[in-house]
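Letter by letter, the chains look like this.
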Amino acid sequence: MKVLTVVGARPQFIKAAPTGKALRAAGHQDFLVHTGQHYDDAMSEVFFRELEIPRPDVNLEIGSGSHGLQTGKMLMGLEEVIQQEKPHWVLVYGDTNSTLAAALAACKLQVPLAHVEAGLRSFNRAMPEEHNRVLTDHCSDLLLCPTQAAVDNLATENIKAGVHLVGDVMADAFAFAGERAHRVSRVIEQLGLAEKNYLLATVHRAENTNDLNRLKGILGAFDQVEDTIVFPVHPRTRKILQDIQYAPAPNVRLIDPVPYLDMVRLQQAARLIVTDSGGVQKEAYWASVPCITLRDETEWVETVQSGWNTLVGAGQQQIVEAIQTFQAPADHPSLYGDGNAAQRCVTLLESTTS
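The model shown is predicted, which means the values in this text are computed figures rather than measured ones. (Residues numbered from 1 in each chain as written. Predicted model: local features only at pLDDT ≥ 70, side-chain atom pairs only at ≥ 80, totals over all residues. Heavy atoms only, no water.)

(A) Local environment of the side chain of Arg-295. Examined against the element boundaries, Arg-295 turns out to sit in the loop between strand 12 (291-293) and helix 14 (301-305). By relative accessible area, Arg-295 is classed as buried at 0%. Only 3.3 Å separates the side chain of Arg-295 from the backbone oxygen of Glu-297, close enough to count as a polar contact. Not counting chain neighbours up to four residues away, the residues in contact with Arg-295 comprise Ser-122, Met-127, Arg-205, Glu-207, Arg-214, Asp-276, Gly-278, Gln-281, Leu-311, Val-312 and Gly-313. (Helix = DSSP H or I, 4+ residues; strand = E, 2+ residues; numbered from the N terminus. Buried < 20%, exposed > 50% of the residue type's maximum accessible area, 1.4 Å probe, protein only. Polar contact = N/O pair within 3.5 Å; in protein donor to acceptor, adjacent residues only side chain to side chain. Contact = heavy atoms within 4.5 Å.)

(B) Representation of helix 5 (residues 128-139). When the terminal C-alpha atoms of helix 5 are compared, their 17 Å separation across 12 residues agrees well with the 16 Å that a helix rising 1.5 Å per residue should span. Three or more residues of helix 5 are buried, namely Glu-129, Glu-130, Asn-132, Arg-133, Val-134, Thr-136, Asp-137 and Cys-139. On the buried face of helix 5, the contacting elements are strand 4 (89-93), helix 4 (97-108), strand 5 (113-116), strand 6 (142-145) and helix 6 (148-156). (Expected span 1.5 Å × (residues − 1).)

(C) Structural context of the sheet that holds strand 13 (residues 309-311). Overall, parallel pairing links the six strands, which are arranged 10-9-8-11-12-13 in an open sheet. Each having just a single partner strand, strand 10 (252-255) and strand 13 make up the two edges of the open sheet. Along the sheet, successive strands turn relative to each other by an average axial angle of 20°, direction set aside. One ladder, built from four bridges, connects strand 9 (residues 229-232) with strand 10; its direction is parallel. Note that in strand 10 the partner of Pro-232 across the bridge is Ile-255. Taken strand by strand, helix 10 (residues 212-224) contacts strand 8 (199-202), strand 9, strand 10 and strand 11 (272-275), and its axis lies near 145° from that of strand 9. (Pairing = 2+ DSSP bridges. Axes fitted to C-alpha atoms, helices over the stretch in contact; angles between N-to-C directions.)

(D) The sheet that holds strand 6, seen in detail. The strand order across the open sheet built from seven strands is 3-2-1-4-5-6-7, with neighbouring strands paired in parallel fashion. Across the chains shown, the open sheet's two edge strands, defined by having one partner strand only, are strand 3 (58-59) and strand 7 (163-165). Of the pairings in the sheet, the one linking strand 6 to strand 7 comprises three bridges and is parallel in character. The residue bridging Leu-144 from the neighbouring strand is His-164, located in strand 7. In the packing of helix 3 (residues 67-85) onto the sheet, contacts are made with strand 1 (2-7), strand 2 (29-34), strand 3 and strand 4, and the angle to strand 1 comes to roughly 165°. Packing of helix 5 onto the sheet brings it into contact with strand 4, strand 5 and strand 6, and relative to strand 5 it is tilted by some 140°.

(E) Inspection of helix 4 at higher detail. Across its 12 residues, helix 4 extends 17 Å between first and last C-alpha, which sits within 8% of the 16 Å expected from 1.5 Å per residue. Counting buried positions along helix 4 gives nine out of 12 residues, so the element sits mostly inside the fold. Restricting attention to buried positions, one finds in helix 4 the residues Asn-97, Ser-98, Thr-99, Leu-100, Ala-101, Ala-102, Ala-103, Ala-105 and Ala-106. With a side-chain oxygen positioned 3.2 Å from the backbone nitrogen of Ser-98, the residue opening helix 4 is Thr-96. Positioned one or two residues after helix 4, Gln-110 has a phi angle of 60°, which is positive.

(F) Spotlight on the pattern of salt bridges. For the coordinates displayed, the defined rule picks out 23 salt bridges. One salt bridge in this structure joins Glu-85 and Lys-2, with 2.6 Å as the shortest N-O distance. Taken together, the residues Glu-85 in helix 3 and Lys-2 in strand 1 connect sequence positions 83 residues apart. Classification of Glu-85 by relative accessible area gives partly exposed; the value is 21%. For Lys-2, a relative accessible area of 14% gives the class buried. Here Asp-256 ties to Arg-238 by a salt bridge, and the two come within 3.5 Å at their closest N and O atoms. Of this pair, Asp-256 sits in the loop between strand 10 and helix 12 (260-269) while Arg-238 sits in helix 11 (residues 235-243), and the two are 18 residues apart along the sequence. Under the relative-accessibility criterion, Arg-238 is labelled partly exposed at 26%. Each of Asp-95, Glu-130, Arg-133, Glu-207, Arg-295, Glu-297 and Glu-299 takes part in salt bridges that share partners, so that together they form one network. (Salt bridge = Lys/Arg side-chain N within 4 Å of Asp/Glu carboxyl O.)

(G) Quick peek at the packing of aromatic side chains. One pass over the structure, following the stated rule, counts five aromatic pairs. Here the aromatic rings of Tyr-285 and Trp-308 are separated by 6.2 Å at their centres, their planes lie at 80°, and the arrangement is edge-to-face. Within this pair, whereas Tyr-285 is found in helix 13 (residues 278-286), its partner Trp-308 is found in the loop between helix 14 and strand 13, the two being separated by 23 residues in sequence. Classification of Tyr-285 as buried rests on a relative accessible area of 2%. For Trp-308, a relative accessible area of 10% gives the class buried. Consider the rings of Trp-300 and Tyr-336, whose centres lie 5.3 Å apart with planes at 85°: the pair is edge-to-face. Taken together, the residues span a long stretch of sequence, with Trp-300 in the loop between strand 12 and helix 14 and Tyr-336 in the loop between helix 15 (316-325) and helix 16 (341-351) at a distance of 36 residues. Comparing Trp-300 with Tyr-336 shows no difference in burial state: the two are buried. Site record: aromatic cluster; members linked through ring pairs are Phe-174, Trp-286, Trp-300 and Tyr-336. Here the guanidinium or amino end of Lys-2 rests over the ring plane of Phe-31, the centre of that ring lying 5.4 Å away. (Phe/Tyr/Trp six-rings, centres within 6.5 Å; stacked < 30°, edge-to-face > 60°. Lys NZ or Arg CZ within 6 Å of the ring centre and 35° of its normal.)

So, in structure tokens, the structure goes:
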């Protein structure tokens, strides 16, 4: 079986690692296409090295650009690669422009499409990612869902054929990375940090970075609290911070993006994580670290229902209050599967290959 896997952004590299490993272990060909959506070393190359992912067979090197320009270039490039390689499946992950472009290319060329993380919904149509999720799911032949809520969301949209609850492949990846990060990463020592004595923050979603009122509320909260805040800054976010001439308070440490294992180690050792990332919400949960989410909704509702994650939006005082008072409960139920989601995905690809 030949599977053409499309990745383009940090979260997809993480998700593709265990699934690709399972495909290769079963004797299948995992033809890896990197769109180049994330393209510098810190956001791309390092993930291939640390997660032991083979070099991409094709890199389209699309780079950044507007949603339409980026997606259009990806669609053109992917269509050509799919026609040349003639895979049994096109496999996509998540909700990026790379995901949507690959879904459209596969659908138009009538090549079966499998979507890992199918069925997730924020129900916020202002998010570009929400449109990418919905459109990809409606193009897909095999919908590999991480949660029962995702299965239910698809049923509400009358998508029932090809839907399977497999668990979350990021849980598989984090189990591998968590143990390795604790053993080999020295980022805590390099930054002069103490365990459970700092906050880790990430801010990159367009709803927060493109809306200056929201962004200033977040930054104002960071500056107002007394805790040390370690803030690895996404390249796009850094440009906006430079444009608005943000001068952080002494407690806010802006650093460049870090390698994945260092990021996992920073998560493990933080007292609290403050983020607008979907993946980081889950990684915080698996690291047993309370999470404050800088959004008004989340696709990962189970983390909120468990009491380990709280949604605060972007209001300065709400964020400050949450940082000062939020505590997680003693109970920490197992969420998102048993670490075997990748193998379930491969088994389903095998069983439904024509």
